[in-house]
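Structural features, examined
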Amino acid sequence: MPRKSSRPTVATIARDLGISPATVSYALNDKPGVSAAMRERVLDHAAAVGWTPHSGAQALRRGRSGNIGLVVVRDPEELSREPFYSAVTAGIEAATSAHGFELLIRFVHGGPDDEVDVFRAWSHQRRVDGVVLLDLAEDDHRPPVLEALSLDFAVLGHYSGPEDFVKVTTAEADDAVTVIDHLLERGYDGCLQFTGPFEYAHEGRRRELLAQLCAERGIAHMHIPGTYTVDSGYRAFQAADLSLSTRPAVVTSSDLIAVGALRAAAVQGIDVPRDLGLVSWDDSLITEATSPSITALSRRPFDMGRSAGDLLVQKIDGRIPGGTVLENAPAALIPRGSTARG
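In this report, the structure presented in the accompanying data block is examined. The structure displayed is predicted, hence computed values, not measured ones.

**Concerning empty space enclosed by the protein**
Per the counting criterion, the structure on display carries one cavity of 30 Å³ or more. Taken as a whole, the largest cavity spans an internal volume of roughly 40 Å³. Thr 170, Ala 171, Asp 175, Arg 299, Arg 300, Met 304, Asn 328, Ala 329, Pro 330 and Ala 331 together form the lining of the largest cavity. For the lining of the largest cavity, the residue count by class is five nonpolar, two polar and three charged.

**Here's the deal with the environment of Arg 274**
By the secondary structure assignment, Arg 274 is in the loop between helix H12 (255–267) and strand E9 (277–280). Looking at Arg 274, the relative accessible area reads 53%, which means it is exposed. Taking the C-alpha atoms as reference points, Arg 274 and His 158, separated by 116 residues in sequence, lie 36 Å from one another. A polar contact is formed between the side chain of Arg 274 and the side chain of Asp 275, at a distance of 3.0 Å.

**Some words on the packing of helix H11 (residues 230–239) against H12**
Here H11 crosses H12 at 45 degrees, and the two axes come no closer than 6 Å. By the angle between their axes, H11 is oblique relative to H12. In this structure, H11 meets H12 at a crossing whose hand is right-handed. Contacts between H11 and H12 involve Val 230, Gly 233, Tyr 234 and Phe 237 from the first element and Leu 256, Ile 257, Val 259, Gly 260, Ala 261, Arg 263, Ala 264, Ala 265 and Val 267 from the second.

**Focus: the pattern of salt bridges**
Considering all chains together, one arrives at 15 salt bridges under this definition. One salt bridge connects Arg 142 with Glu 115, and the closest N-O pair in it is separated by 2.9 Å. Pair noted here: Arg 142 is in helix H8 (residues 142–148) and Glu 115 is in helix H7 (residues 112–125), with a separation of 27 residues, a long-range link. Using a relative accessible area of 4% as the deciding quantity, one classes Arg 142 as buried. The residue Asp 283 makes a salt bridge to Arg 336 at a minimum N-O spacing of 2.9 Å. A residue pair is termed long-range when its members are at least 10 positions apart, and Asp 283 in the loop between E9 and helix H13 (285–289) and Arg 336 in the segment after strand E12 (332–334) qualify at 53 residues. Given the relative accessible area of 14%, Arg 336 is considered buried. Connected through shared salt-bridge partners, Glu 115, Asp 140 and Arg 142 make up one network.

What counts, and at which threshold
- Residues numbered from 1 in each chain as written.
- Predicted model: local features only at pLDDT ≥ 70, side-chain atom pairs only at ≥ 80, totals over all residues.
- Heavy atoms only, no water.
- 1 Å grid on protein atoms, 1.4 Å probe; cavity = no way out; pocket = protein on both sides within 12 Å on 5 of 7 lines; lining within 4 Å.
- Points joined across faces, edges and corners; volume = space filled by probe spheres on them.
- Nonpolar A, V, L, I, M, F, W, Y, C, P; charged D, E, K, R; others polar.
- Helix = DSSP H or I, 4+ residues; strand = E, 2+ residues; numbered from the N terminus.
- Buried < 20%, exposed > 50% of the residue type's maximum accessible area, 1.4 Å probe, protein only.
- Polar contact = N/O pair within 3.5 Å; in protein donor to acceptor, adjacent residues only side chain to side chain.
- Axes fitted to C-alpha atoms, helices over the stretch in contact; angles between N-to-C directions.
- Parallel < 35°, antiparallel > 145°, perpendicular 65-115°, else oblique.
- Left-handed = near helix turned anticlockwise from the far one by under 90°.
- Contact = heavy atoms within 4.5 Å.
- Salt bridge = Lys/Arg side-chain N within 4 Å of Asp/Glu carboxyl O.

Following this line, the structure appears as C-alpha cells:
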C-alpha cells in the first residue's frame, strides 16, 4: 500500500520502495543504470502517489529559468477590455505551461524603449529563456536587441529580419479580399476603414490591402487611425466622410472600435445595415451581443498565441531551427446583422 504524502518526492518514493534515491532518480529520468522491471516499478509507484516533476529543479538542471516572457506596451486596465489580446495571451500561456514553462507578463506604458529595458533586465537576471513579440513596427528595433542579448524569441506577425527567430503569420491578404468581396456582394459601394495605431506594421499593411482592393474594384476608400477602444471608434465615425459613396461600409481593426462606430451611427440616426455596413477584423462575444450583431473575421487569436508559444518552446529546446514559420489559414467571415442584405 503506497504511503500517503502531501508532496511526494524522490526521497519519499525511495523510502516507500526500500531503494536508493539515486535509483529512483535514474528511473524517473529514463537514465541507464536500472533494469526495465525496476523502472516500471518506480514509475507505477510514482503515478500511484501522485508524484510530478519539480519544474524549478528541471530548469536548473537544464541551465534555464523555466520562464517565457511577454511584455505588453499597453495600459493593463485597457487591455482587460480587449478580447483579442486576452485570447492571444491565454493561448501563449496554454502552450508554454504544457511544456513546463511559466509565462512571465510585464506591462509597460512608455513604449518600445521601456520594453527593451525589461528585456535587458530579464537577460541580466536570467529570468526568462525566451520572449514572444507582439505588435511589430515597420522598422522594429526589438529583434536586434533580443539577438544581442542571446534571447530566443517568437514573433506573432509578418516581421522579416536577419535575426534567429520563429514566427506565426496571418493571412492578411486573403482576409482583406474576403472582407471587400463580402461588402460588394451585400451591395455596399465604399469603405471607411478605422484602424488602431498606425505605428504598428500590420495596420499599415491592412490599409494598403484594402485601399488597393477598393481601387481595383472601383469603390471609394477612406482611412482613419485611432486606438483599440470604443471611444476611438465613436470619434472616427464622427470624423468620417459618409458621403464618399451612396451606401458605404465601415471596416474596423477591432471589435471595440466597431462597437464605438455602431454607437455613433445610432446617435446620428443612420440605419445599420440598410444605409451603412459594418465589419470587424476581430471576432468576439462582443460582436455577437450588439444590436445589430456585427459581421466579423474569426481569426482564432487563442490558436495564434498557442502556436507562437509552442514554436518558441521548440526553438528553445533545439527541436526546430530559427526561421521556422507557421502560416495561419485565412480567417472565416461570420456574417451577422450589420451587413444583412438590403
